[in-house]
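An overview of the molecular structure
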Amino acid sequence: MSKPSPTARERIVAGAADMISRRGLNATSIRETAKHARAPLGSTYHYFPDGKQQLATEAVRYTGAWVARSLREELDAGPVAGLRAFLGLWRKVVVDTDFRAGCPVLAVSIEEPPADEAPAALLAAAEVFEEWEGLLAGSLRAHGAEPEQAAQLATLVVAAVEGTVAMCRAKRSTEPLDRTAEQLQALLGAAIKD
C-alpha cells in the first residue's frame with residue numbers, strides 16, 4: 001500500500017523546515033518557501049494567514065514531531081538506542097545535504113527575536129527542545145537513572161547533539177558527531193542500571 005501524497009499545506013511546512021535548516025529564519029521568505037515547496041504563493045498565504053511567523057512555528061513543530069517519533073520508536077530499546085537514533089537522524093541530514101542543512105529548531109532559536117516579544121516560533125522551539133529532553137529523561141529514569149541525573153543528561157544530549165550538528169556543517173565533516181556520540185554513550189551507559 002502506498003503512502004498518500006502530502007497535501008499542499010504539508011509540502012509548504014516541510015519546505016519551510018528545509019529552508020530554515022539551510023538558511024535560517026531571517027533569510028527564509030514566504031515567496032521562496034512556496035517556490036521551494038512547488039506550491040502557489042496564494043495557497044501559502046491561505047494556509048498561513050498570519051505570515052512567516054505562523055509558517056516558521058509550524059515548521060518547528062513539524063521537525064519536533066518528526067524527531068520525537070524517531071526517538072519514541074528507538075527509546076523502547078533503551079536510552080542508548082534513542083541516543084544512537086538521534087545522532088543517526090542528524091548525521092543523515094548533514095550528509096544527505098552535503099553539510100548544507102542543520103536543525104530548523106536550532107536555527108529559529110539562535111536568531112534575534114523582535115524587541116519586546118517572544119515570537120511563536122521561538123516558543124515552539126523551546127517546547128520542542130523540552131519534549132526531546134522529556135523523552136530522553138523518561139527513558140533514562142525507566143532504565144535506572146536518578147531523576148535529576150536523567151534530566152541533566154537529557155539536556156546535555158540535546159544541547160550536545162544540536163551544537164555538534166552546527167560544528168559538522170562548519171567543518172564539513174561528521175567527525176564531531178562521532179566524537180560526541182562516543183562520549184554521550186559512555187555517560188548514558190554509566191547512568192543506567194540495565
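Everything that follows concerns the structure shown earlier in this document.
Residues numbered from 1 in each chain as written. Predicted model: local features only at pLDDT ≥ 70, side-chain atom pairs only at ≥ 80, totals over all residues. Heavy atoms only, no water.

**Some thoughts on the pattern of salt bridges**
Put simply, the rule reads: Think of a salt bridge as a Lys or Arg side-chain nitrogen and an Asp or Glu carboxyl oxygen that are within 4 Å of each other. Only runs of H or I of at least four residues qualify as helices and only runs of E of at least two qualify as strands under DSSP, and these elements are numbered from the N terminus. Note on exposure labels: buried denotes an accessible area under 20% of the residue type's maximum, exposed denotes more than 50%, and partly exposed covers the range between, all computed with a 1.4 Å probe on protein chains only.
The final tally for this structure, using the stated rule, is 10 salt bridges. For the salt bridge of Glu58 with Arg9, the shortest nitrogen-to-oxygen distance reads 3.8 Å. With Glu58 in helix α4 (residues 52-75) and Arg9 in helix α1 (residues 8-23), this pair connects stretches of sequence that are 49 residues apart. The partner of Asp178 in a salt bridge is Arg91, with the nearest N and O atoms 2.4 Å apart. You can see Asp178 sitting in helix α9 (residues 175-191) and its partner Arg91 sitting in helix α5 (residues 79-96), a full 87 residues away along the chain. Given the relative accessible area of 38%, Asp178 is considered partly exposed. According to the relative accessible area criterion, Arg91 is partly exposed, its value standing at 29%. Overlapping salt bridges bring together Arg9, Glu58 and Arg61 as one network.

**Some thoughts on the packing of α4 against α5**
Condition: Convention adopted: a line fitted to C-alpha atoms gives each axis, helices being fitted over their contacting stretch, and angles between N-to-C directions are expressed from 0 to 180 degrees. Put simply, angles under 35 degrees are roughly parallel, angles over 145 are roughly antiparallel, angles from 65 to 115 are roughly perpendicular, and the rest are oblique. With the far helix as reference, a near helix turned anticlockwise by less than a right angle produces a left-handed crossing, and one turned clockwise produces a right-handed crossing. Contact definition: two residues touch when any of their heavy atoms are within 4.5 Å. Classification used: nonpolar for Ala, Val, Leu, Ile, Met, Phe, Trp, Tyr, Cys and Pro, charged for Asp, Glu, Lys and Arg, polar for all others including Gly.
Packing of α4 against α5 leaves a shortest axis separation of 8 Å and a crossing angle of 140 degrees. By the angle class used here, α4 and α5 are oblique. In this structure, α4 crosses over α5, and the sense of that crossing is right-handed. Only Pro79, Ala81, Gly82, Ala85, Phe86, Leu89, Trp90 and Val93 of α5 make contact with α4, whose side of the interface consists of Thr63, Trp66, Val67, Ser70, Leu71, Glu74 and Leu75. Residue classes in the contact of α4 with α5 are distributed as 11 nonpolar, 3 polar and 1 charged.

**Notes on the side chain of Thr164**
With respect to the element layout, Thr164 can be found in helix α8 (residues 147-171). Apart from residues no more than four positions distant in its own chain, Thr164 is found in contact with Pro176, Leu177 and Thr180.

**Brief notes about the nonpolar core**
In globular proteins that are soluble, nonpolar side chains generally tend to be buried together. To keep it simple, the criterion reads: The definition of a nonpolar core used throughout is a set of buried Ala, Val, Leu, Ile, Met, Phe, Trp, Tyr and Cys residues joined through side-chain atoms within 4.5 Å.
Counting 58 residues, the largest nonpolar core has Leu71, Phe86, Trp90, Val105, Trp132, Val157 and Val161 as its most contacted members. Looking at this core, the elements with two or more residues in it are α1, α4, α5, α6 (104-110), α7 (120-142), α8 and α9. Sort the elements by how many residues they give to this core and α7 lands first, with 10 residues. If near-sequence neighbours (up to four positions away) are discounted, Trp90 is found in contact with Thr63, Trp66, Val67, Gly102, Cys103, Pro104, Trp132, Val161, Glu162, Val165 and Leu177.

On their own, these measurements won't tell you what the molecule is for.
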